[in-house]
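Residue-level structure breakdown
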Amino acid sequence: MEKRDILLLGATGFTGRLILKYLSSHPTRAQSDGAFTLGLAGRNAKKLRQVAAEVGIGEVPIHELDIQNEEQVRTLFTGYRVVITSVGPFWHYGKVVAKVCAELGIHYIDITGEPHFIHHLIEQYDFLATKTGSILIPASGFDSVPSDLSAFYGVSALRRICGAEVPVRKSTTAFVIRGQNLSGGTAATMLDIFSGGVPEWVRKRLTNPWLLSPMIGSVPSPKFVYHLPYTGILGFFYPMSPVNGAVVRRTWGLYQLDAQDSTATTAETPYGPRFEYEEFLECGNYLVAVLGNVAIGLFFGLMALSATFRWFVRQFLLYKPGSGPDERKFEKGWLRLTNVTSSDEDKPRAVKTVIRGKGEPGYFLTSVMVGEVALALLPANHERLTALAKKGGVLTPASALGQELVDRLEGSGRFEFDEEQPKMDKVMFAPHERYAKEGVKESESCLIA
C-alpha cells in the first residue's frame, strides 16, 4: 500500500485546525513535484469532516481514532510517513502516539511545552528511534522553535562572519510578543502540573536545567533585571524560558556529543563547550522589569499554592482547550527576538541577530512552524536534513533541521531573519580585512567589545 505523507491528529482543536489550514493552502500542494498528501484522525469523524469542509481542503482520508488505543494507532500509522499531533496535555495523550512512531520508523512532531514529556520520550524512545530511523521533534511550535532558532542563527551568524571555528560563550535573546493569546492547551498543561496531574517525582525533575541534554554545561544565574549584552535592552523573567532553555540546551548537548563521537563522519559543528543560553521578555526600563518579575512571581506562587486561584484562572482568564481567540485579529500580532551571541575568547566578539514573525505568535505562527517542520521531514527533503536527523532519534527543531528550517520559515513569508548593526556604546565595528574583501557589509561585521 502506498503511504500517504502527513497524518494530522487533533484537527478539531483550535491549533490543529490552524495547522490544517496552513497545510491545505501551502503553495507546494499545487506543484506536481512538491505536492504532498494529507490525512486526518481524531475521536469524532463527523466533526473532522465538518472541519475539512470548512477549511476547503477537498477529499482527504478521515480516520476515527482513539489515540490511547495502541492497536488502533499502530494499524493506522503504518500508512503514513509523518505524524503531527496537537492533542495535549502530551503527558497524558502523547505517549502512545510517540511510542508507535518510534517503533515503526515514522516521523513524529508535536507542539508540547512540557519538558517532562520530552524527557519521557528521550528516556524511552531515543535509542530505539536511531535504530528504526524515526525522527521525533517535540516542541515544534511557539514552544520552542523561536528560541532554538534564535540561538542556532546567532551561532551561525557569528561563525559565518567571524570564522567557522570560533567557540561560542553566550547567547542571549530578548523577546517582544504582541497579540499573543495563551492557548487552551497550554493552559490545561499548566493547570495539570500545578493541580497534581503530573506525579510529584516528575515535577521535581523540572528544576533541572539539563533535564533534556545528553551533556552538562553551564547555565547563567537567575537575574532580577535582565540585560542584552552590548545593548541598552532590559527585561524580566520569561515564564517559558525554563522550557525553551531546556530545548536549546538539548540542541547544544546533541551537537557537542556528536562532535566527540569518534565514529561520526559528518559531525555537526558544536556550539562550544562553555556555551550558555538565556532569554527574557524585553521592556522599557528598570521599574517595569522589577514590576514584571514581581507580577510573574506572584502569579505562579498563587498557582502553586491556591486551588481557589487555579479555579479562578481556569474559569475566567483562559480559553478552554480547543477554543481560541478571534482569527480576524491574528494579523495584528507579531513577534521579535533580538539575540546577541558572543565568542569564548579573551577579547569576545559578538553579533546581533533579529528574528521577526508576522502574525499572532501562540496560535497562528505555531501553525506555520509546525507545518514547515512536517514538510521538511518528507522524503524529498531528506538530503537537506542535518547529519543528526539522518541518524534518527528524539531531536530538537534546530538539531534536526538547522538552516533548512530557517530557509523554510523565511520562504513562508511570515518570518524574517536578519543580522543588524546595533546602536551601542563602547563597541566598535571592525570587519576583518578578509571579510571586507569578500564583500561582507559593515553591518554584518563582528562586534569587538
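Residues numbered from 1 in each chain as written. Predicted model: local features only at pLDDT ≥ 70, side-chain atom pairs only at ≥ 80, totals over all residues. Heavy atoms only, no water.

**Structural notes on the overall build of the protein chain**
Here is the rule we go by: Secondary structure elements follow DSSP: runs of H or I no shorter than four residues count as helices, runs of E no shorter than two count as strands, and numbering proceeds from the N terminus. Relative accessibility thresholds used throughout: buried, under 20% of the residue-type maximum; exposed, over 50%; partly exposed, between the two (1.4 Å probe, protein chains only). Note on contacts: a residue pair is in contact if any heavy atoms of the two residues lie within 4.5 Å. Surface accessibility follows the Shrake-Rupley procedure with a 1.4 Å probe radius. Residue values consider only the protein chains on display as shielding.
Within the protein chain, the secondary structure is distributed over 17 helices and 16 strands. In the protein chain, which comprises 449 residues, the proportion classed as buried is 55%. A separation threshold of at least 6 residues defines the contact pool for the protein chain, and within that pool the share at least 24 residues apart is 75%. Per element, the accessible surface of the protein chain, about 19,400 Å² overall, is 53% carbon and sulfur.

**Topic: the nonpolar core**
Our working definition: The criterion is simple. A nonpolar core is a set of buried Ala, Val, Leu, Ile, Met, Phe, Trp, Tyr and Cys residues joined through side-chain atoms within 4.5 Å.
Counting 121 residues, the largest nonpolar core has Ile6, Phe77 and Leu149 as the members making the most contacts within it. The residues touching Leu149, leaving out its near neighbours within four places in the chain, are Gly154, Ile355, Ala398, Gly402, Leu405, Val406, Leu409 and Phe417.

**Structural notes on the sheet that holds strand β3 (residues 62-64)**
Going by this rule: At least two bridges found by DSSP between two strands is the condition for calling them paired. In this analysis an axis means a line fitted to C-alpha atoms, helices contributing only their contacting stretch, and an angle means the value between N-to-C directions, from 0 to 180 degrees.
Reading across from one edge, β3-β2-β1-β4-β5-β6-β13 is the order of the seven strands in this open sheet, with parallel pairing throughout. Of all strands in the sheet, those with a lone pairing partner are β3 and β13 (393-394), marking the two edges. As judged from the four bridges shared by strand β1 (residues 4-9) and strand β2 (residues 38-42), these two strands associate in the parallel manner. Paired with Leu9 across the strands is Ala41, a residue of β2. Of the strands in this sheet, β1, β2 and β4 (80-85) are in contact with helix α1 (residues 14-24), which crosses β1 at around 155°.

**A short note on the pairing of β4**
Most of β4 sits inside the fold, with five of its six residues counted as buried. Summarising the sheet, β1 and β4 pair through five bridges and their orientation is parallel. Residue Arg4 lies in a different strand from β4, and its bridge partner there is Tyr80.

**Let's talk about a nonpolar patch on the surface**
Operational definition: Each patch is built from residues lacking any salt bridge and having more than 30% relative accessible area; the joining distance is 9 Å for like charges and 5 Å for nonpolar side chains (Val, Leu, Ile, Met, Phe, Trp, Tyr). Salt bridges are counted wherever a side-chain nitrogen of Lys or Arg sits within 4 Å of a carboxyl oxygen of Asp or Glu.
A contiguous nonpolar patch, built from Trp311, Phe312, Phe316 and Leu317 and spanning about 450 Å² of accessible area, is present on the exposed surface. If you trace the backbone, Phe312 turns up in helix α12 (residues 307-317). The class for Phe312 is partly exposed, based on a relative accessible area of 37%.

**Here we look at the packing of aromatic side chains**
For clarity, the cut-off: Stacked, tilted and edge-to-face pairs are distinguished by plane angle, under 30 degrees for stacked and over 60 for edge-to-face with tilted covering the rest, among Phe, Tyr and Trp rings (Trp via its six-membered ring) whose centres lie within 6.5 Å.
Under the defined criterion, the tally for this structure stands at 13 aromatic pairs. Between Tyr226 and Phe280, the aromatic rings sit 5.5 Å apart at their centres with planes inclined by 20°, giving stacked as the arrangement. Residue Tyr226 is located in strand β8 (residues 226-227), and its partner Phe280 is located in strand β10 (residues 276-283); the two are separated by 54 residues in the primary sequence. Look at Tyr226 and you get buried, because its relative accessible area is 7%. What makes Phe280 buried here is its relative accessible area of 0%. Summarising the aromatic geometry, the rings of Phe299 and Phe309 are spaced 5.6 Å apart at their centres and angled 75° between planes, so their arrangement reads as edge-to-face. Of this pair, Phe299 sits in helix α11 (residues 286-305) while Phe309 sits in helix α12; the two residues are ten residues apart in sequence, bridging distant segments of the chain. According to the relative accessible area criterion, Phe309 is buried, its value standing at 19%. Here a set of aromatic residues connected by ring pairs shows up, and it is made of Phe14, Phe330, Tyr363 and Phe364.

**Quick word on the side chain of Asn293**
For Asn293, the position within the fold is in helix α11. Residue Asn293 is classed as buried on the basis of its relative accessible area of 12%. Among residues more than four places away in sequence, those in contact with Asn293 are Lys223, Phe224, Val225, Phe236 and Phe237.

**Comments concerning helix α16 (residues 403-411)**
Residues spaced three or four apart along an α-helix face the same direction, because each turn holds 3.6 residues. Buried within α16 we find Glu404, Leu405, Val406, Arg408 and Leu409. Buried residues along α16 sit in contact with α7 (145-162), α13 (361-376), α15 (397-401) and β14 (415-419). Gly413 sits one or two residues past α16 and shows a positive phi near 80°.

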